[in-house]
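One letter stands for each residue in the lines below.
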Amino acid sequence: MTSTSPAHTAAPHESGRSGAGRVAAANGLVAGLLTVGLATLLAALLHQGGATSGEPAPVAAVSGAFVDRTPAWLKDLAISVFGTNDKRALLVGVAVVLAACCVLVGVLAQKRPAWALSAFALLGVVGAAAVLSRPGASVTDLVPTVVGTGLGLWFLHHGSGEATTAAAANPARRLLLGAAAGGSAAYVGGWLGGDSAAATASRDAAAREAARGTPVQVPAGADLGVPGTTPFVVPNSDFYRIDTAIVVPRLTAADWRLKVTGLVEREIELDWVTLQDKPMREALVTLACVSNEVGGDLIGNAVWTGWPVRELLALAGPRAGADMVLQTSADGWTCGTPLAALADDRNALLAVRMNGEPLPFEHGFPVRLVVPGLYGYVSACKWVTELKVTTFAADVGYWTPRGWSAEGPVKTSSRIDVPRTGAVVNAGRVAVAGVAWAQHRGITAVEVQVDDGAWKAARLATDASIDAWRQWVFEWEAQPGSHTLRVRATDADGRLQSAAERPPAPDGAEGLHTVTVRVE
Ligand SMILES: Nc1nc2c(c(=O)[nH]1)N[C@H]1C(S)=C(S)[C@@H](COP(=O)(O)O)O[C@H]1N2
Ligand SMILES: [Mo]
């Protein structure tokens, strides 16, 4: 008879001890995988069944809760390091931290099984708390985390004794089975959760509707076509994406409703079918992110189709004293937009199409706002479900308590697309080209400076809209050597772009985009 106590095992060789340790660690890891796998699968089923308006998947909920507590500097850092992959990076980060915790729990289970079970349960409680903290959460949302944690505890409990026993029935087999089960549940859950058949069908139907309309027109001459520059209209698949959504909301057009509430004469509820009958208009609007660094690519231009939101607000009748509209998204994100920007004659749209297609899910299907002249974080609510007419004194948008200004008019700015910094070009004529933007004011001049020379005027592309960016090109007689190129824009108010360097927070970066090139 062999003892089950580690103290009695004969000659605990180094390899034997670390072998048991490895099994114990794997035991914790597989318990975690089973928990997350089952919870993700159950959460996906809740989503599919339309049984939740929250985020019942614990890893996504923890990541979402983390995002909501991210200070401006960290968000900035994440975007500058990971770009628009910041969310994937966060999910991976959460998974790695969780895996490390599970390994520790597994190792702890060798000596102190009761403590290990409590620690594991505590991880479940953290997940449950995150789930409950998500917008739209209900008690049902706890089911995946609770059931998943239960399974993990059961697995851990049955494995903790075996890990240290030579007599244990093949622990490797048990671990493999557990890992396979947990892994496949996570995989199926992730796949199910990432796709909602109803939402995809709904968007496909909207695409068939859109195809019946006239294709979008872009003025000739707005795109100079200089090789290497960003196209004047950015294709949907290349358009930058910024939001706090760990899981992209997938609504159906049929389920979508937009409520107009707050300081209004009449509350209104708008549905998709009613919206389709409204007079739609097409507008070229360049959307920019306040987090965009000087020279950055968190900016894009598209043709948006939608109903002017001023007409909706006019139906509701804003009351005297209101100065802000708090927009709310299906996932709980909010932004505060000056009422004036939505009520005046600019093309602030309840947009349903982007470049002639229904909005991609990532860009707000079925309906979002697009407001010329304001950074996205204070205006361009995706998956919009409510417009509350209110005041800046009474309400704040999502980013305001997180270190960003309550108001965010776009700053006049410009970027050099070609040549890129570090490029080697041939002496002679070189096309220096890029974009400049001052949404809703318009660009009247772009100038380029080579080294410390005089500022010289660039040639501007056709002005397609004061709400869109404007391409420019400067024919440079490049002399051999190393050179610095700078750009600056002037808007239609006669204001020259600021040269003082400022970071994105709190209200948009400032400074001149500068590239250095070698001429040979
Ligand atoms: N629901 C929701 N809408 C949102 C955001 C968000 O986090 N959630 N981010 C805003 C920000 S900061 C920007 S810059 C724009 C980006 O829009 P895009 O992803 O379509 O380019 O969306 C805005 N709308
Ligand atoms: Mo943004």
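Residues numbered from 1 in each chain as written. Chains lettered and ligands numbered in written order. Predicted model: local features only at pLDDT ≥ 70, side-chain atom pairs only at ≥ 80, totals over all residues. Heavy atoms only, no water.

Q: Quick one: what's the story with the pattern of salt bridges, residue by residue and with numbers?
A: When the charged atoms of two side chains with opposite charge come close together, those side chains can pair. In this structure the tally under the stated criterion is 18 salt bridges. The closest approach of N and O atoms between Asp417 and Arg415, which form a salt bridge, is 2.7 Å. Among the residues examined, Asp417 registers a relative accessible area of 4% and is labelled buried. For Arg415, a relative accessible area of 5% puts it in the buried group. Here Arg429 makes a salt bridge to Glu477, at a shortest N to O gap of 3.0 Å. Note that Arg429 is positioned in strand 13 (residues 428-437) and Glu477 in strand 17 (residues 470-478), a separation of 48 residues in sequence. Judged by relative accessible area, Arg429 falls into the exposed class, the value being 60%. (Salt bridge = Lys/Arg side-chain N within 4 Å of Asp/Glu carboxyl O. Buried < 20%, exposed > 50% of the residue type's maximum accessible area, 1.4 Å probe, protein only. Helix = DSSP H or I, 4+ residues; strand = E, 2+ residues; numbered from the N terminus.)

Q: Could you give an account of the domain arrangement of the protein chain, with specific residues and numbers?
A: Structurally, the protein chain comprises domain 1 (13-194), domain 2 (213-402) and domain 3 (413-519). For domain 2 and domain 3, the distance between their C-alpha centroids amounts to 28 Å. Listed by partner, the interface residues are 37 residues for domain 2 and 30 residues for domain 3. Both sides together, the interface formed by domain 2 and domain 3 hides about 2,500 Å², and carbon and sulfur atoms give 61% of it. Inspection of the region where domain 2 meets domain 3 yields zero salt bridges. At the boundary of domain 2 and domain 3, one finds twelve residue pairs in polar contact (both at pLDDT 80 or more). Of all the secondary-structure elements, those providing two or more residues to the side of domain 2 that touches domain 3 are strand 3 (281-288) and strand 4 (299-308). Ranked by residue count, the leading element in the side of domain 2 that touches domain 3 is strand 3, at five residues. (Domains from an automatic or database assignment. Contact = heavy atoms within 4.5 Å. Buried area = accessible area lost by both parts, 1.4 Å probe. Polar contact = N/O pair within 3.5 Å; in protein donor to acceptor, adjacent residues only side chain to side chain.)

Q: Go over the nonpolar core, please, and point to the residues and values.
A: Core analysis: the biggest nonpolar cluster contains 84 residues, and Trp304, Leu312 and Leu350 have the highest contact counts within it. When sequence neighbours within four positions are dropped, the list of residues in contact with Leu312 reads Leu258, Val260, Ile268, Leu270, Trp307, Leu350 and Leu387. Counting 22 residues, the second largest nonpolar core, distinct from the first, contains Ala458, Trp472, Phe474 and Ala478. (Core = buried A, V, L, I, M, F, W, Y, C linked by side-chain atoms within 4.5 Å.)

Q: So, the packing of helix 2 (residues 58-68) against helix 5 (residues 113-133): which residues are in play, and what are the values?
A: It is at 8 Å that the axes of helix 2 and helix 5 come closest, and there the two elements cross at 65°. With respect to each other, helix 2 and helix 5 are oriented roughly perpendicular. Seen along the crossing, helix 2 lies across helix 5 with a hand that is left-handed. Judged by residue contacts, Pro58, Ala61, Val62 and Ala65 of helix 2 engage Gly127, Ala130, Val131 and Ser133 from helix 5. A class-by-class count of the residues in the contact of helix 2 with helix 5 yields six nonpolar, two polar and no charged. (Axes fitted to C-alpha atoms, helices over the stretch in contact; angles between N-to-C directions. Parallel < 35°, antiparallel > 145°, perpendicular 65-115°, else oblique. Left-handed = near helix turned anticlockwise from the far one by under 90°. Nonpolar A, V, L, I, M, F, W, Y, C, P; charged D, E, K, R; others polar.)

Q: Help me get a handle on the sheet that holds strand 18 (residues 481-491), residues and values and all.
A: Spatially, 12-19-18-14-15 is the arrangement adopted by the five strands of the open sheet, whose pairing is mixed. Each end of this open sheet is capped by a strand with a single partner; those strands are strand 12 (424-425) and strand 15 (456-457). Here seven bridges tie strand 14 (residues 443-450) to strand 18, and the two strands are oriented antiparallel to one another. When the bridges of strand 18 are listed, Ala445 appears paired with Thr490. (Pairing = 2+ DSSP bridges.)

Q: Just give me the short version of the environment of Gly422, but keep the residues and values in it.
A: Examined against the element boundaries, Gly422 turns out to sit in the loop between strand 11 (413-418) and strand 12. According to the relative accessible area criterion, Gly422 is exposed, its value standing at 58%. Separated by 60 residues in the primary sequence, Gly422 and Ser482 place their C-alpha atoms 9.6 Å from one another.

Q: Would you mind going over the sheet that holds strand 2 (residues 268-271) in detail, with residue names and values included?
A: Ordered by their spatial adjacency, five strands build an open sheet running 2-1-10-5-6, and the pairing between neighbours is mixed. One side of each edge strand has no neighbouring strand; the edge strands of this open sheet are strand 2 and strand 6 (334-338). The mean angle between the axes of side-by-side strands here comes to 20°, regardless of whether they run parallel or antiparallel. Judged from the six bridges that link them, strand 5 (residues 324-329) and strand 10 (residues 384-390) form a sheet pairing that is antiparallel. Residue pairing for strand 10: Gln327 is matched across the bridge by Leu387.

Q: So what's going on with helix 8 (residues 197-212)? Which residues, and what values?
A: Under the 1.5 Å per step criterion, the end-to-end length of helix 8 is 23 Å for 16 residues, consistent within 8% with the ideal 22 Å. Looking at helix 8, one finds that the buried residues are Ala199, Ser202, Arg203, Ala206 and Ala210. All buried residues of helix 8 fall inside an arc of 95° around its axis, so they share one side. Turned more than 90 degrees away from the buried face of helix 8, the exposed residues are Ala197, Arg208, Ala211 and Arg212. Turning to helix 8, the residues buried within the fold contact helix 9 (272-276), strand 7 (349-354) and strand 8 (357-358). (Expected span 1.5 Å × (residues − 1). Arc of directions from axis to C-beta.)

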